[in-house]
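# An overview of the molecular structure
One-letter residues, chain by chain:
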Amino acid sequence: SSEGTSFNYDDRDVILYNLSVGAKRTDLPLVYENSDHFQALPSYGVVPWFNTANPWNMDDLVKDFSPMMLLHGEQYMEVRKFPIPTTANTVTYPKLIDVVDKGNAAVVVAGYTTKDAKTGEDLFYNESTVFIRGSGGFGGSPKPTAVRAKAATAAYKAPQRQPDVVVEEKTSEDQAALYRLNGDRNPLHIDPEFSKVGGFKTPILHGLCSLGVAAKAVFSKFGPYKNLKVRFAGVVLPGQTLKTEMWKEGNTVLFQATVVETGKPAITGAGAELLEGAKAKL
Ligand code: HDC
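Residues numbered from 1 in each chain as written. Predicted model: local features only at pLDDT ≥ 70, side-chain atom pairs only at ≥ 80, totals over all residues. Heavy atoms only, no water.

### Here's the deal with the packing of aromatic side chains
What the rule picks out here adds up to eight aromatic pairs. Between F7 and Y9, the aromatic rings sit 6.2 Å apart at their centres with planes inclined by 25 degrees, giving stacked as the arrangement. By the burial criterion, F7 is buried, and Y9 matches it. Three or more aromatic residues link up through ring pairs in this structure, and these residues are F7, Y9, Y17, Y44 and Y179. (Phe/Tyr/Trp six-rings, centres within 6.5 Å; stacked < 30°, edge-to-face > 60°. Buried < 20%, exposed > 50% of the residue type's maximum accessible area, 1.4 Å probe, protein only.)

Okay, structure coming up:
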């Protein structure tokens, strides 16, 4: 479909997002609209997309669709305009890219271009993969069939050597309750009855919140990046600590995030291509 969905945001949305991925009151460029360097974290680019509707129905794509069984699998996000506007009227155009039948699970890939509604300029591009447990076996292709952007499917691999930088950040028990207000009101992140049916004892953290925490670590150490790609390899619970390990290789920061309390991976296969000539302003 070529129908886009509108989403308007301003400094309040930007500050909320920055706080919801761990910005502190002392990070003035992230939390104070009158700061000379007031800015959206680059990963804000996932927010306009998330606030727009899909024209397709999951029930029509996969078998026995249940929203309780859906997990965010991977995310690619590209910032197409710098500096990122801190106020904008946007329109996002969705496109279904691929549906893969993994036998026990289904994987659905979709792409979203977000444009400035006034100028028509591209602001962000997102490619999202969702993993739906129990929804496979519908006779679909077991392998991806779509041709996708190279950076969106990059198989980033953490090097063997020690990371160049490590950042640890404890999430708050209330992190998901706050992150929801960016637009992802999925009950999986707040309602214990819902998350129980999904197989979790307590509501889990949004994948995009973990992405935001790890990407903030990349941004604070290396500056703005023009795109990033991650795989959500394991569940994170609000209150757990994320350790983000980073390796700079050429113009790319490879990274991964681990849950400190369990030692289990949260984000793997991740990389961000840095914006040429950019310096962190924080
Ligand atoms: O990796 C497992 C897992 O639990 N990951 C964490 C998921 C998570 O916590 N996500 C974030 C929270 S959910 C969320 O935020 C939802 C949000 O509110 C809504 C987002 C909606 C966006 C809407 C846009 C339309 C799990 C369960 C995903 C997979 O684990 P296993 O079943 O053990 O899989 P495994 O045996 O390792 O591999 C089987 C095949 O699947 C592929 N695969 C594995 N992890 C994947 C993945 N594919 C995509 N994303 C992942 N994260 C493997 O490569 C393997 O494929 P193949 O058989 O071809 O080798």
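Past the structure itself, the notes keep going.
### Some details on the site of the ligand
In the neighbourhood of the ligand, 26 residues make up the surrounding shell, with K102, D184, N186, H189 and F232 lying closest. Here a nitrogen atom of the ligand sits 3.0 Å away from a polar atom, N or O, in the main chain of H72. Separating a nitrogen atom of the ligand from a backbone N or O atom of G73 is a distance of 3.0 Å. Look at the ligand: alone it shows 1200 Å² of surface, and the protein chains cover 69% of it. Ranked by residues supplied to the shell around the ligand, first place goes to strand β2 (residues 70–79) with five residues. (Near = heavy atom within 4 Å. Polar contact = N/O pair within 3.5 Å; in protein donor to acceptor, adjacent residues only side chain to side chain. Areas by Shrake-Rupley, 256 points an atom, 1.4 Å probe, with all protein chains shown as cover. Helix = DSSP H or I, 4+ residues; strand = E, 2+ residues; numbered from the N terminus.)

### Let's talk about the sheet that holds strand β7 (residues 225–232)
Pairing is antiparallel in the open sheet, where ten strands are placed in the order β1-β3-β4-β5-β2-β7-β10-β9-β8-β6. Only two strands of the sheet have a single partner each, and these edge strands are β1 (5–9) and β6 (165–170). The average angle at which neighbouring strand axes cross in this sheet is 20 degrees, direction not considered. Relative to strand β4 (residues 105–116), strand β3 (residues 88–101) is paired through eleven bridges, and the arrangement is antiparallel. Across the sheet, V100 pairs through a bridge with V107, a residue of β4. (Pairing = 2+ DSSP bridges. Axes fitted to C-alpha atoms, helices over the stretch in contact; angles between N-to-C directions.)

### What about the confidence of the model for the protein chain?
Low pLDDT marks stretches whose predicted atomic positions should not be read closely. Per-residue pLDDT for the protein chain averages 96, and the proportion of residues at 70 or more is 98%. Model confidence for the complex is summarised by a pTM of 0.97, with the ipTM given as 0.97. (pLDDT = per-residue confidence, 0-100.)

### Some remarks on empty space enclosed by the protein
Applying the stated criterion to the full structure yields one cavity of 30 Å³ or more. Estimates place the volume of the largest cavity at around 40 Å³. Around the largest cavity, the lining residues are V47, F50, Y179, N182, G183, D184 and L208. Grouping the constituent residues of the lining of the largest cavity by class yields four nonpolar, two polar and one charged. (1 Å grid on protein atoms, 1.4 Å probe; cavity = no way out; pocket = protein on both sides within 12 Å on 5 of 7 lines; lining within 4 Å. Points joined across faces, edges and corners; volume = space filled by probe spheres on them. Nonpolar A, V, L, I, M, F, W, Y, C, P; charged D, E, K, R; others polar.)

### Some thoughts on the pattern of salt bridges
Tallied over the entire structure, the rule returns eleven salt bridges. The closest approach of N and O atoms between R80 and E78, which form a salt bridge, is 2.7 Å. A relative accessible area of 17% means that E78 is categorised as buried. We note a salt bridge from E169 to K216, for which the minimum N-O separation is 2.8 Å. Linking E169 in strand β6 with K216 in helix α7 (residues 207–222), this pair joins segments that are 47 residues apart in sequence. In this pair, the class of E169 matches that of K216, namely buried. Within this structure, E78, R80, K115 and D122 form a network of salt bridges that share partners. (Salt bridge = Lys/Arg side-chain N within 4 Å of Asp/Glu carboxyl O.)

### Let's talk about α7
Each turn of an α-helix holds 3.6 residues, which means side chains three or four residues apart point in the same direction. For α7, built from 16 residues, the straight-helix expectation of 22 Å at 1.5 Å per residue is met to within 8% by its first-to-last C-alpha distance of 22 Å. With 14 of its 16 residues buried, α7 lies for the most part within the structure. G223, located one to two residues past α7, shows a positive phi value of around 90 degrees. (Expected span 1.5 Å × (residues − 1).)

### Focus on unusual backbone geometry
Note that the residue after F82, namely P83, is joined by a cis bond; omega there is -10 degrees. Along the polypeptide, P83 turns up in the loop between β2 and β3. One non-glycine residue, D64, lies in positive phi territory at about 45 degrees. Structurally, D64 is set in the loop between α4 (58–61) and β2.

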